[in-house]
Amino acid sequence: MSPLLTTLEQQARTLAADERARLTEMLLESLHDTPLPETEAAWQREIERRVAAYDRGEAQAYLAAEVFTAARLQGM
């Protein structure tokens, strides 16, 4: 662990629980601010694959309300 990270960890531990929770949220959000180009390209390929499968009639679509109802009924 780098010295800076060690210092930040020690300082974060002195924060109140709600402040640590907010810091955690901020750090997690920062990981999603700039997606990696490889990840974005992979998602784009997956989206295209799924749309093509749907267009060919190989994939079935479901209404969100039906999915949520089924999940509630199964206790998910």
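Parameters at a glance
Residues numbered from 1 in each chain as written. Predicted model: local features only at pLDDT ≥ 70, side-chain atom pairs only at ≥ 80, totals over all residues. Heavy atoms only, no water. Helix = DSSP H or I, 4+ residues; strand = E, 2+ residues; numbered from the N terminus. Rg over C-alpha atoms; globule rule 2.2 N^0.38 Å. Buried < 20%, exposed > 50% of the residue type's maximum accessible area, 1.4 Å probe, protein only. Lys, Arg positive; Asp, Glu negative; His and termini not counted. Charge placed at Lys NZ, Arg CZ, Asp CG, Glu CD. pLDDT = per-residue confidence, 0-100. Salt bridge = Lys/Arg side-chain N within 4 Å of Asp/Glu carboxyl O. Patch = residues over 30% accessible without salt bridge, like charges linked within 9 Å, V, L, I, M, F, W, Y side chains within 5 Å. Areas by Shrake-Rupley, 256 points an atom, 1.4 Å probe, with all protein chains shown as cover.

(A) Representation of the overall build of the protein chain in the model. Tallying secondary structure elements over the protein chain gives four helices and zero strands in all. Listed by position from the N terminus, the elements making up the protein chain come as α-α-α-α. The C-alpha atoms of the protein chain give 21 Å as radius of gyration, which overshoots the globular expectation for 76 residues (11 Å, by more than 25%). Overall, the C-alpha framework of the protein chain stretches about 55 × 35 × 15 Å when taken along its three principal axes. Looking at the 76 residues of the protein chain, the share that counts as buried comes to 3%. Side-chain charges of the protein chain comprise 8 positive and 13 negative groups, with the mean position of each set lying 5 Å from the other.

(B) Representation of the confidence of the model for the protein chain. With 96% of its residues at a pLDDT of 70 or more, the protein chain shows a mean pLDDT of 91. For the protein chain, the element scoring lowest by mean pLDDT is helix α2 (residues 17-31), at 91; helix α1 (residues 3-13) scores highest, at 95.

(C) Representation of the pattern of salt bridges. Counted by the stated rule, this structure contains five salt bridges. A salt bridge links arginine 50 to glutamate 46; the shortest N-O distance between them is 2.6 Å. Within this pair, arginine 50 and its partner glutamate 46 are both found in helix α3 (residues 37-55), separated by four residues, close to a single helical turn. Note that glutamate 58 and arginine 56 form a salt bridge whose closest N and O atoms lie 2.8 Å from each other. Taken together, the salt bridges that share partners define one network made up of Glu46, Arg49 and Arg50.

(D) Here's a closer look at a nonpolar patch on the surface. Where nonpolar side chains cluster on the molecular surface, the patch consists of Met1, Leu4, Leu5 and Leu8 and spans about 450 Å² of accessible area. Structurally, methionine 1 can be placed in the segment before α1. We classify methionine 1 as exposed; its relative accessible area is 70%.

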